[in-house]
Amino acid sequence: MKRLTCLPLSVLFFALAGCGEEVNELPVDGRDFDGVQYSESESVYTGRAIDGYLKNARVWLDLDGDGQYSKGPLDVTLANGDTHRLDRGEPTAMTTAGGRFSLDLAEFQVGLSKGKDLDPRDYPLYALALPGKTMEETHSGEVPVPRAYLMSASPGVTNVTPLTTLARFRAKVAGQASMGSENAALADSAELNGVNLLQDYVQANNEKAHAYARALARFMASQIPDEYNKDLAAEGSDGTGRFLSSKAVDLLGISLIRNAREVVSRVDAQVSGGRYGNVDTDNLALPRVDIELKNPSLLTGLKVFANTEEVRVEALELSAALEFDYTEDGQLLSVSSQGCMEPSLPEIARLVQVNGYMAQMKNQWHPSASLSAESKQAYADAGIDERIVFDWKNKRAYFDTVTSCHKGTRGVSSEGSELGGTPEITWSWDNEGEVVEKVAASPDRKINLLAAASAPAEVLGQSWVTGYRIVAGDTPEVALAFSDSGSNCEPASMDGEEPDLTASHVTQLFPVTIDGEAGHAYEYDIREYRVDEDGTRSLPVERLLKYPLRSLSKAGPDAGNLQWRLSYASLEQKGLDRVSANLVREAYLEDRDGISECGVPVSNAPGTAYAKVSYTYKTLTEYLLQGLAEEVAGD
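Calculation rules
Residues numbered from 1 in each chain as written. Predicted model: local features only at pLDDT ≥ 70, side-chain atom pairs only at ≥ 80, totals over all residues. Heavy atoms only, no water. Helix = DSSP H or I, 4+ residues; strand = E, 2+ residues; numbered from the N terminus. Buried < 20%, exposed > 50% of the residue type's maximum accessible area, 1.4 Å probe, protein only. Contact = heavy atoms within 4.5 Å. Areas by Shrake-Rupley, 256 points an atom, 1.4 Å probe, with all protein chains shown as cover. Polar contact = N/O pair within 3.5 Å; in protein donor to acceptor, adjacent residues only side chain to side chain. Pairing = 2+ DSSP bridges. Core = buried A, V, L, I, M, F, W, Y, C linked by side-chain atoms within 4.5 Å. Axes fitted to C-alpha atoms, helices over the stretch in contact; angles between N-to-C directions. Expected span 1.5 Å × (residues − 1). Bend = angle between axes of the 7 residues up to and from the residue. Salt bridge = Lys/Arg side-chain N within 4 Å of Asp/Glu carboxyl O.

**Focus: the overall build of the protein**
Inference 1: A count of helices and strands for the protein gives 11 helices and 30 strands.
Inference 2: Buried residues in the protein amount to 52% of all 635 residues.
Inference 3: Of the contacts made within the protein by residues no fewer than 6 positions apart, 66% connect residues no fewer than 24 positions apart.
Inference 4: Total accessible area on the protein is roughly 27800 Å²; 46% of this is exposed by carbon and sulfur atoms.

**Describing the side chain of E437**
Inference 1: Assignment of secondary structure puts E437 in strand β21 (residues 435–439).
Inference 2: Assessed through its relative accessible area of 2%, E437 is described here as buried.
Inference 3: A polar side-chain atom of E437 sits 2.8 Å from a polar atom in the side chain of R410.
Inference 4: Each residue touching E437, except ones within four places of it in the same chain, is listed here: L345, R410, I425, T426, W427, D444 and R445.

**Regarding the environment of E490**
Inference 1: Within the secondary structure, E490 sits in the loop between β24 (475–482) and β25 (508–514).
Inference 2: For E490, a relative accessible area of 60% puts it in the exposed group.
Inference 3: Note: C-alpha distance between E490 and V600 (110 residues apart in sequence) is 9.0 Å.
Inference 4: Discounting chain neighbours no more than four positions away, the residues touching E490 are T507 and G599.

**Some points on the sheet that holds strand β7 (residues 100–104)**
Inference 1: The strand order across the open sheet built from 3 strands is β7-β1-β12, with neighbouring strands paired in mixed fashion. Edge positions in the open sheet fall to β7 and β12 (159–160), since each of these has one partner strand only.
Inference 2: In terms of strand pairing, strand β1 (residues 44–49) meets β7 through 5 bridges, oriented antiparallel. From the neighbouring strand, R48 faces β7, where its bridge partner is R100.

**Some thoughts on the nonpolar core**
Inference 1: Membership of the largest hydrophobic core comes to 158 residues, with the highest contact counts inside it found for L163, F324, M358, W427 and Y522.
Inference 2: Looking at this core, the element that brings in the most residues is helix α6 (residues 246–269), giving 11 residues.
Inference 3: Residues in contact with M358, not counting those within four places in the same chain, are L298, L299, F324, Y326, G330, L332, L351, Q364 and W365.
Inference 4: The next biggest cluster of nonpolar side chains, apart from the first, holds 7 residues, and it includes Y529, L571, L576 and A581.

**A short note on the sheet that holds strand β3 (residues 58–61)**
Inference 1: Across the sheet, which stays open at both edges, the 4 strands sit in the order β6-β3-β8-β11 with antiparallel pairing between neighbours. Every other strand in the sheet has two partners, leaving β6 (92–94) and β11 (149–153) as the edge strands with one partner each. For this sheet, the mean angle separating the axes of adjacent strands, direction not counted, is 20 degrees.
Inference 2: With 4 bridges connecting them, β3 and strand β8 (residues 125–129) associate as antiparallel partners.

**Quick look at α6**
Inference 1: Given a rise of 1.5 Å per residue, 24 residues ought to cover 34 Å, and the 35 Å separating the end C-alpha atoms of α6 matches this to within 8%.
Inference 2: At N259, α6 shows its largest bend, some 50 degrees.

**Describing the pattern of salt bridges**
Inference 1: Per the stated rule, a full pass over the model turns up 29 salt bridges.
Inference 2: Here E142 ties to K55 by a salt bridge, and the two come within 3.6 Å at their closest N and O atoms. Of this pair, E142 sits in strand β10 (residues 141–144) while K55 sits in strand β2 (residues 54–55); the two residues are 87 residues apart in sequence, bridging distant segments of the chain.
Inference 3: For the salt bridge of D238 with R58, the shortest nitrogen-to-oxygen distance reads 3.4 Å.

**Examining the side chain of D525**
Inference 1: In this fold, D525 is placed in strand β26 (residues 517–530).
Inference 2: At 3.4 Å, the side chain of D525 and the side chain of T507 are in polar contact.

The values reported here are purely geometric and, on their own, carry no functional implication.
Here it is as structure tokens:
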């Protein structure tokens, strides 16, 4: 799996001048390039789809901004706020010889009584190469495209190529970072190692641009889902069907930006004597980067407020901030902390079950907090103090720290004043799910998961909450086992008052034993919440509310008498869906208060606690795009 890293601005824009390559002068806003002029009196909009010239590719003007062809009727909002209906939908056509297309703009005529006619130069173009149907014109004749790929061009640009696709998404990112428009940023985004990204490189006989384009097209094709590729290859499929979401289209563009430098560097490495035309791009080894096009919501940050003793919640002080780093397909790469985190062997084991894909867990990252007084001081000093790095391919994870927060509880001492040296903790695992934790001068700790039909992992699915046994050397350390399926109920009336169904209630109890001792339980809210009074829309509620904890950070006889209390958004909050309704917002570490009665409400926050943890989430698109936008904005 390819790791994502923050790209320097010079890499992001590939603005490497002085490469000795002749570059055509760019128009100010990217319109009417290569002499293809558009007049407002015309009723057609023409251009070309190019890898080599592509015949029988689907082209359309994207009026609604979703990156997929939209059939009619389609309502378009005019500048004056009125709407104009296109009965035939977005203008579309199949390309002919030479990659040429001609889009019918008859429905772009609005009429003087409503406002100004629509201008095709205000909308981006898309071109979809259909596997086995679109023909690429080459020196040896027409060759069918083996896999689908989706290309785009910024508003007003009428060549649609892999290079215009790169230019367009770079301009979108730059425009977002500067709070400007895509077209305003296009001129600064349209160069790649001295190559003009907007030109017809076939007509210009630009071998370098053509080699780059062919390699990028292959990379783009590798990221199209097999199911979509199969659908487009089917008899009767003409590229007008909808498969990708608008966010999925954005993710494809973001991935192209992130990986274009590596792709073109591999092309450059194969050049001999400056002859790009001799590079065999069809057999070039390109990076393989998986991508999650469903755009899941992911945990991106935690803020920890902790104290060595239980205090009023409002008196807790910020002691750590954690950031989570992911790949393009949402696999967790690392967790970095300013201040001290609390590495959890059970949580590592839970992550191993989903191979690091956090979105597959209904509760992403069970809370943890270091209660060490040193954490506040470490947080006050700028910089990253601790980090967990995951190597999923080799089934390893490493914890590195420059603090002594864990010396008393885990026997961990920092190896130096900078991260990146010998890790203080190493985890490894096998295909059976057994995780081994190694700490210098300490017995190995092993955790094995205890399967049980009564565990939430079996009853609820995708919670990945199950029992476990931890052994240090030959000494049993802790065993947590789910004993039976427990009780379930509906939210109960309290003191004669009807229950507030928008709040969390304990509706299912999962009893557990800890080292054989009963009297513990995982408390959940499991039910359907009716959003509309008539019941036409409902939200599935699946919330872990409280669970017991044995803490290494809290020494003494009360070390096993703690619990985490998890809070969520009110179910009446607008915009909630089946995922966001069940994402933890805050968690509190407190003394245990016994097992709740089934049906009772659970308050979002206690009066006192040892720690509070606040959660921040972003969609995968937001996470990846922000990384690029921040880099641009920081220039």
